[in-house]
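A look at the structure
One-letter residues, chain by chain:
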Amino acid sequence: MTNIGSIISIVGVLIGLLIILIYSLKGRDIDRRVIFLFIFLSVAFAILFNIEFKESPTPIVRAVFDKIENMPPGSRVLLSFDYDPAMKPEVGPMANSFVRHCMAKGHKLYLMTLWATGHALMIESIEEVLKPEFPDAVYGTDYTSLSFKAGGVGVLNVIVTDFQKMYPTDDNNTELSELPIFEGVKSATNMDLILPIGGGFPGPKEWILFIGDPGNVPVAPGLAAVVAPQIYPYYPKQAIGLLGGVKGAAEYESELRQRYPQFQDSEATALKMMGPQTMAHIVVMAFIIIGNISYFRSRRKNIDA
Amino acid sequence: MRKGPVIVVAVVAVLFIISLISRMSGVPEGTSTFESLASAFWVTFAAFLTLAVMSFLYKDNPFYKFAEHLYVGVSAAYWMCLGFWTTLVGNLFPRVSETLSNWFEVPYAGFHPHYLIPPALGIILLMRLSPKGGWISRWALAFIVGTTAGLNLPRFLRSDFISQISSTFMPLFVQWQGFGHFFSNLSLSASGQLVGMLSNLVIFVGVFCGIIYFYFSKEHKGAFGVGSRFGIWILMVTFGASFGYTVMGRISLLVGRLTFLLDDWLGLIQ
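A short tour of the structure in this document, coming up. Computed from a predicted structure; not experimentally measured.

A short note on the side chain of His-101 of chain A
- On the secondary structure map, His-101 of chain A appears in helix α4 (residues 88-105).
- In contact with His-101 of chain A, not counting residues within four places along its chain, are Phe-65, Ile-68, Glu-69, Tyr-252, Leu-256 and Tyr-260 of chain A.

Here's the deal with the sheet that holds strand β3 (residues 143-145) of chain A
Residues and elements named next belong to chain A.
- Read from one edge of the open sheet, six strands run β3-β2-β1-β4-β5-β6, paired in parallel fashion. Looking at which strands have only one partner, the edges of the open sheet turn out to be β3 and β6 (243-244).
- Pairing of strand β1 (residues 76-82) with strand β4 (residues 193-198), which is carried by six bridges, proceeds in the parallel orientation. Bridge assignment links Leu-79 to a residue of β4, and that residue is Leu-195.

Considering the packing of aromatic side chains
- Scanning all chains against the criterion turns up 33 aromatic pairs over all chains.
- Residues Tyr-232 of chain A and Tyr-245 of chain B carry aromatic rings whose centres are separated by 6.0 Å and whose planes lie at 45° to one another, so their mutual orientation is tilted. Placement of the pair is Tyr-232 of chain A in the loop between α9 (228-231) and β6 and Tyr-245 of chain B in helix α9 (residues 222-265), with the two residues belonging to separate chains.
- Taking the relative accessible area as the measure of exposure, Tyr-232 of chain A reaches 28% and is therefore partly exposed.
- Here the aromatic rings of Phe-93 of chain B and Phe-104 of chain B are separated by 5.4 Å at their centres, their planes lie at 25°, and the arrangement is stacked. Remark: Phe-104 of chain B occurs in the loop between α4 (98-103) and α5 (117-126) and Phe-93 of chain B occurs in helix α3 (residues 62-96); sequence separation between them is eleven residues. For the pair Phe-93 of chain B and Phe-104 of chain B, one class covers both residues: buried.

Quick look at the nonpolar core
- Formed by 116 residues in total, the largest nonpolar core has its most connected members in Phe-98, Leu-109, Ile-159, Phe-163 and Leu-195 of chain A.
- Ignoring any residue separated from it by four or fewer positions in sequence, one finds Leu-195 of chain A in contact with Val-64, Ile-68, Val-77, Leu-78, Leu-79, Ser-80, Phe-98, Cys-102 and Ala-220 of chain A.
- Grouped together as the second largest cluster of nonpolar side chains are six residues, Leu-92, Phe-93, Phe-104 and Val-106 of chain B included.

Looking at the packing of helix α2 (residues 32-48) of chain A against helix α11 (residues 269-304) of chain A
Residues and elements named next belong to chain A.
- One way to put it is that α2 packs onto α11 with a least axis distance of 8 Å and a crossing angle of 155°. Taken as axis vectors, α2 and α11 run roughly antiparallel relative to one another. Crossing of α2 over α11 shows right-handed handedness. Every residue of α11 that contacts α2 at Ile-35, Phe-38, Ile-39, Ser-42, Val-43, Ala-46 and Ile-47 is listed here: Gly-275, Pro-276, Met-279, Ala-280, Val-283, Val-284 and Phe-287.

Thoughts on the interface of chain B and chain A
- At the junction of the two partners, chain B supplies 47 residues and chain A supplies 58 residues.
- Buried area between chain B and chain A, both sides added, is near 4300 Å², and the carbon and sulfur share of it is 65%.
- Taken as a group, Arg-155, Tyr-245 and Met-248 of chain B account for 14% of the area that chain B buries against chain A, more than any other trio of residues on that side.
- Where chain B packs against chain A, one counts one salt bridge.

Focus on a nonpolar patch on the surface
Residue and element names in this part refer to chain B.
- The grouping of Leu-172, Phe-173, Trp-176, Phe-179, Phe-183, Leu-186, Leu-198, Leu-201 and Phe-204 at the surface amounts to a nonpolar patch, some 920 Å² of accessible area in total.
- Elements with a minimum of two residues in the nonpolar patch: α7 (179-184) and α8 (193-213).
- The dominant element in the nonpolar patch, judged by the number of residues it contributes, is α8, at three residues.
- The exposure class assigned to Phe-183 is exposed, which follows from its relative accessible area of 52%.

Some points on unusual backbone geometry
All names here are of chain A.
- With an omega of -10°, the peptide bond between Phe-201 and Pro-202 qualifies as cis.
- Relative to the helices and strands, Pro-202 is located in the loop between β4 and α8 (204-215).
- Here the bond from Tyr-235 into Pro-236 is cis, since omega is 5°, no more than 30 degrees from zero.
- With a phi angle near 55°, Asn-50 is a residue other than glycine that sits in the positive phi range.
- Its location among the elements puts Asn-50 in the loop between α2 and α3 (59-70).

Considering the pairing of β1 of chain A
Residues and elements named next belong to chain A.
- Most of β1 sits inside the fold, with six of its seven residues counted as buried.
- In this structure, β1 lies alongside strand β2 (residues 108-112), joined through five bridges in parallel fashion. Directly across from Leu-78, in β2, lies its bridge partner Tyr-110.
- Handedness of the β1-α4-β2 crossover: right-handed.

Remarks on the packing of α2 of chain A against α9 of chain B
- Contact geometry for α2 of chain A and α9 of chain B: axes closest at 10 Å, N-to-C directions at 55°. In terms of orientation, α2 of chain A lies oblique with respect to α9 of chain B. For the crossing formed where α2 of chain A meets α9 of chain B, the hand is right-handed. Across the interface between the two elements, Ile-39, Phe-40, Val-43, Ala-44, Ile-47 and Leu-48 of chain A from α2 of chain A touch Ile-251, Leu-254, Val-255, Leu-258, Thr-259 and Leu-262 of chain B from α9 of chain B.
- When grouped by side-chain class, the residues that make up the contact of α2 of chain A with α9 of chain B number eleven nonpolar, one polar and no charged.

What counts, and at which threshold
- Residues numbered from 1 in each chain as written.
- Chains lettered and ligands numbered in written order.
- Predicted model: local features only at pLDDT ≥ 70, side-chain atom pairs only at ≥ 80, totals over all residues.
- Heavy atoms only, no water.
- Helix = DSSP H or I, 4+ residues; strand = E, 2+ residues; numbered from the N terminus.
- Contact = heavy atoms within 4.5 Å.
- Pairing = 2+ DSSP bridges.
- Phe/Tyr/Trp six-rings, centres within 6.5 Å; stacked < 30°, edge-to-face > 60°.
- Buried < 20%, exposed > 50% of the residue type's maximum accessible area, 1.4 Å probe, protein only.
- Core = buried A, V, L, I, M, F, W, Y, C linked by side-chain atoms within 4.5 Å.
- Axes fitted to C-alpha atoms, helices over the stretch in contact; angles between N-to-C directions.
- Parallel < 35°, antiparallel > 145°, perpendicular 65-115°, else oblique.
- Left-handed = near helix turned anticlockwise from the far one by under 90°.
- Buried area = accessible area lost by both parts, 1.4 Å probe.
- Salt bridge = Lys/Arg side-chain N within 4 Å of Asp/Glu carboxyl O.
- Patch = residues over 30% accessible without salt bridge, like charges linked within 9 Å, V, L, I, M, F, W, Y side chains within 5 Å.
- Areas by Shrake-Rupley, 256 points an atom, 1.4 Å probe, with all protein chains shown as cover.
- Right-handed = clockwise from strand over helix to strand, strands pointing away.
- Nonpolar A, V, L, I, M, F, W, Y, C, P; charged D, E, K, R; others polar.

These results come straight from atomic positions and should not be treated as a statement about function.
Structure (structure tokens):
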């Protein structure tokens, strides 16, 4: 079905693009809505026919994977869900992969968010990934969830010295001092790794600026694609690695599936998204080429005239 | 009556029935008809809002405006509620009032008078709404601007200035052990010596030429002009990479929404 679907999708899109190429070569303008329709159809076909591609991790993604993999079990990992439902399709899979990997390695997970909209998504990850896939994980010992606090970078500025000043209690109104997971943890600098996921303000950049650099804590951000180029300069000194957009998430999922066979049947959302991504990118590139051919042709016509 | 809205409502109603049938066929045992109906209604409403937002690509229309206004209103209310429960109930009340702490069932942390300053500044900020006392809000604003600048300056200076300059000082000859070693271990691997050297060279030349482009005290001609032009190319490549990532981000969002429409709503994906 997948192969037949791929062929039908590709042939359909190619025929459409050919018609548009001929149309534009005749010097007629193409409505922008035709482009939207093409992107829509190419993505819809790829989703419906479940088109998938193989992924392998690039060094920048592998650095994050290897860091989590090589830390001794029981290491403290802080995972921050600094995103909203709009950003969820591309960064949500990263969060789920990090939860799976950290729990499989036996690390202690500290979940929190600097975005009000991230709180519900954090709970979703706990309920849909952590609890069903790791039923033996004990709240307060293996993982904990801290609620959202307003204040943006102000929150970071406080937790870099003292968690309890900003979080007197966790999500369940339990004092942090009563949770075994917080034994020996005073501030965010006691973490062995910080995994901020998001792409807005405050987000991964602020985690590097306010916690990673001053506290000398390794930071490995998972980024929405739009901000990834802004964070690349921090690699490798200030960010040990990073996951850029759905491509980074897919590479991570692929590596996780390869190294941990128990996750073969887990949902690999990012890997599934790479099919529609690729189809849409092919259409965008085709339109750029058609546009350029059309432009140079019309310029030559003008020169000849 | 205009035909457009009637057609849209009819289409949404038909799709609601399809969604309902798809949900009824796959519901776990014990789910009541009312629950299935409610679930189908909410998912159809979410799908309607998705389509309403997407309809802006065709042209501006009342459905888009409705979805936009609803989104802004719900977001503002959500932020406000969460801000109240996490900031006032979570942080302020346990430090200023035992009665309020008990009322909201949060552990009392003892009276700390300096915690009264933030709500005072908050009230001062709300004075902006008063036609005559609006000027008082400037004191709170001045405090916010001052503290933000004070907090950010050392962080940015350290991380975005000093550390970034330090990150640019890279060895052009990575792990250099002589020509013999270099040629005998020649590889195009991303983690190999050759690619490492080329990568560092690109960063060094790119940064250097980029700085040349932004140096306007000397005329851009001769060797300086060549460096400047190369700087433009480096900038263009950077903007291109940014654009590529942005396209990827936008397509990801589209994939997310279409997956919702085709799977969660219509149940078309197996």
